[in-house]
2 protein chains.
Amino acid sequence: MIGEVPNTEVGQEFVSRRLAHEAGVHRPLQAGICGTKVSAAESIVVSGGYKDDEDYGDVIIYTGHGGRDSSGNQVSDQSLDDSGNAALVTSYLEGLPVRVLRGAHSGSPWAPTRGYRYDGLFRVTNYGRKLGIDGFLIWQFRMEAYDGTPLPEPTQQETLPAARGSVDTGSGQSPSGNESPERVTTTVQRIVRNSAVKRQVKTWHDNRCQICHMRIEVPGGSYSEGAHIQALGSPHNGPDTTSNVLCLCPNCHVMLDAGAIVISNDLTVILGGVEQGALSTHPRHVIDMDCVRQHRERWRQD
Amino acid sequence: MIGEVPNTEVGQEFVSRRLAHEAGVHRPLQAGICGTKVSAAESIVVSGGYKDDEDYGDVIIYTGHGGRDSSGNQVSDQSLDDSGNAALVTSYLEGLPVRVLRGAHSGSPWAPTRGYRYDGLFRVTNYGRKLGIDGFLIWQFRMEAYDGTPLPEPTQQETLPAARGSVDTGSGQSPSGNESPERVTTTVQRIVRNSAVKRQVKTWHDNRCQICHMRIEVPGGSYSEGAHIQALGSPHNGPDTTSNVLCLCPNCHVMLDAGAIVISNDLTVILGGVEQGALSTHPRHVIDMDCVRQHRERWRQD
């Protein structure tokens, strides 16, 4: 289950992994990451087992799974073929929330003093590979708490490293992490939202763009966006259904939304008034031709 | 000036256009849109002059400028070459806020009863062309109030059309606008933020992608994204400077962020380990090679 689980609040404590398992908050009894490449990461446990981890409260630099011996030393490189690591890549690509449990350990002022604690939903905003402390390649995932998630009470009264660093959030702090915040004026240029409807369409097309047929491949996965044909909300009031959604690469999505691309009644793609070829289709993906026509009408040249 | 102006609060009233001009809230004395294609739209006045307008409080369907006679009838098609209309397209493409003033008129329960009122910042979320009531083509822009902007007090006690319609916001109402909200579960898959630093880099490159050299053209403008090379915030702590930003198309931006593309020390683009050609440059755009190297190190294959 992705996202919040029933009957569990942020801050709720669990004496043991088994109790967290029974609550459905983190289902594996031992593994630190719950999820697969296909399903994305439902939840992770942060408990100091990986010495390359960094914890800033609302930002966690989380080391991937694998390559450790029984003493906790890294003895080989990590891989994105690892199921848990691949799951976190999917969460990054799809923008899905990940439940975070912190476990007691001395390495972080944000960890609970004993047992485990559910600290809310985080999203994976970044990932990459680096040479870890022990000299092997590790994967790391930057986790950021959702806006509004309350910070836990830190257990140590020392100067904490700046939460969030100098992220381009509009309330930024300077890169050195000092106290005087420099207001970085940012605006949101583009927001891409996901949903169950869009994920279904992207699954049918395996992230391949129906207009230009490319698939964006990145380490650990591939990326595409669900795009409504007839826009939702006033004045177009398109339905939020798979028949009104296409699987597109980001470039074609921008062009469809702003009318650089329209689609004809026989599903031919038209770019700048010139026919480009057929929209790719999938047997289970029925497309609503009323939506296609409404969208095309919005961009009439005559 | 884009965004809020000093000494003016949401809800502030102005007896006349001249007083709004003097406050800097809406600088033209007659025109409904303030702005140009290059500068984007600073502000608009919504006062019932265009019969195709629709007002839902936190969503306004705003008709573009042009093609009307002195009686207010549409007598010719509107064009995106019109400076004000082009300005709103730029605001859409760049994600910039637009100040909205409502003027008194009987056609909207959200309008003030007299004079003008500053109703806060809106963003352009959509635009398109349609056949207006008078039978000519008009451009319309969907304006959405920023989260947290207070709704004005409506002047009529009647059933108001549903604000926001069935937009994919996570708190959606059904498309017919009835009272029982259907919770649409959405997540943010991707957020692209803009900033003065990014806009500078995009201006230097005229929205042409430095990696693949394409420029996305849409009616009224072109689109690109500013992409940090070395990620901001922990753990990479890249600087928020033009030397750490590239002008990219959305596809190349996704690939750069997720390591499908890296850049060599001589500014060669490397995709999937294969050299693709040179990154395009601009004489005023100095690129920080430390940032390029740090980014490349994140995605080492060995």
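Residues numbered from 1 in each chain as written. Chains lettered and ligands numbered in written order. Predicted model: local features only at pLDDT ≥ 70, side-chain atom pairs only at ≥ 80, totals over all residues. Heavy atoms only, no water.

Brief notes about the sheet that holds strand S16 (residues 274-278) of chain B
Residues and elements named next belong to chain B. Here we have 3 strands laid out as an open sheet, ordered S14-S15-S16, and antiparallel in their pairing. Pairing within the sheet leaves two strands with one partner each, and these edge strands are strand S14 (261-263) and S16. The sheet shows a mean angle of 30 degrees between the axes of neighbouring strands, taken without regard to direction. Note: strand S15 (residues 268-271) against S16, 4 bridges, orientation antiparallel. Residue pairing in the sheet places Leu 271 in a bridge with Val 274 of S16. (Pairing = 2+ DSSP bridges. Helix = DSSP H or I, 4+ residues; strand = E, 2+ residues; numbered from the N terminus. Axes fitted to C-alpha atoms, helices over the stretch in contact; angles between N-to-C directions.)

Focus: the interface of chain A and chain B
In this assembly, 70 residues from chain A lie in contact with 70 residues from chain B. Of the roughly 5600 Å² buried between chain A and chain B, counting both surfaces, carbon and sulfur atoms make up 51%. Where chain A meets chain B, there are 0 salt bridges. Linking chain A with chain B are 19 residue pairs in polar contact (both at pLDDT 80 or more), by the criterion used here. When contributions to the side of chain A that touches chain B are tallied by element, the ones reaching two or more residues are helix H2 (83-94), strand S7 (116-131), strand S8 (137-145), strand S9 (186-195), helix H3 (196-204), strand S10 (216-218), strand S12 (225-228) and helix H4 (250-257) of chain A. No other element matches the 10 residues that S9 of chain A contributes to the side of chain A that touches chain B. For the side of chain A that touches chain B, the class distribution of residues is 31 nonpolar, 20 polar and 19 charged. Across 9 bridges, S9 of chain A lies against strand S9 (residues 186-195) of chain B in antiparallel orientation. (Contact = heavy atoms within 4.5 Å. Buried area = accessible area lost by both parts, 1.4 Å probe. Salt bridge = Lys/Arg side-chain N within 4 Å of Asp/Glu carboxyl O. Polar contact = N/O pair within 3.5 Å; in protein donor to acceptor, adjacent residues only side chain to side chain. Nonpolar A, V, L, I, M, F, W, Y, C, P; charged D, E, K, R; others polar.)

Digging into the relation of the copies chain A and chain B
Between the two copies of the chain lies a relationship made up of a rotation around an axis and a movement along it. Screw-axis analysis of chain A against chain B gives a translation of 0.0 Å along the axis, an RMSD of 0.0 Å, and a rotation angle of 180 degrees. The transformation relating the two chain copies, once decomposed into turn and shift, fits a two-fold axis. Considering only C-alpha atoms, the residue of chain A closest to the rotation axis is Ile 191 of chain A, which sits at 2.3 Å. Most of the interface of chain A is mirrored in chain B: 100% of its interface residues are interface residues there too. (Least-squares fit on C-alpha atoms with pLDDT ≥ 70 in both.)

Overview of the confidence of the model for chain A
Residues and elements named next belong to chain A. Looking at chain A as a whole, its pLDDT mean stands at 89, while 89% of the residues score no less than 70. Counted against residues more than four places away or in other chains, residues 164-183, with its pLDDT under 50, gives 44 contacts. In the predicted assembly, ipTM is 0.89 and pTM is 0.88. (pLDDT = per-residue confidence, 0-100.)

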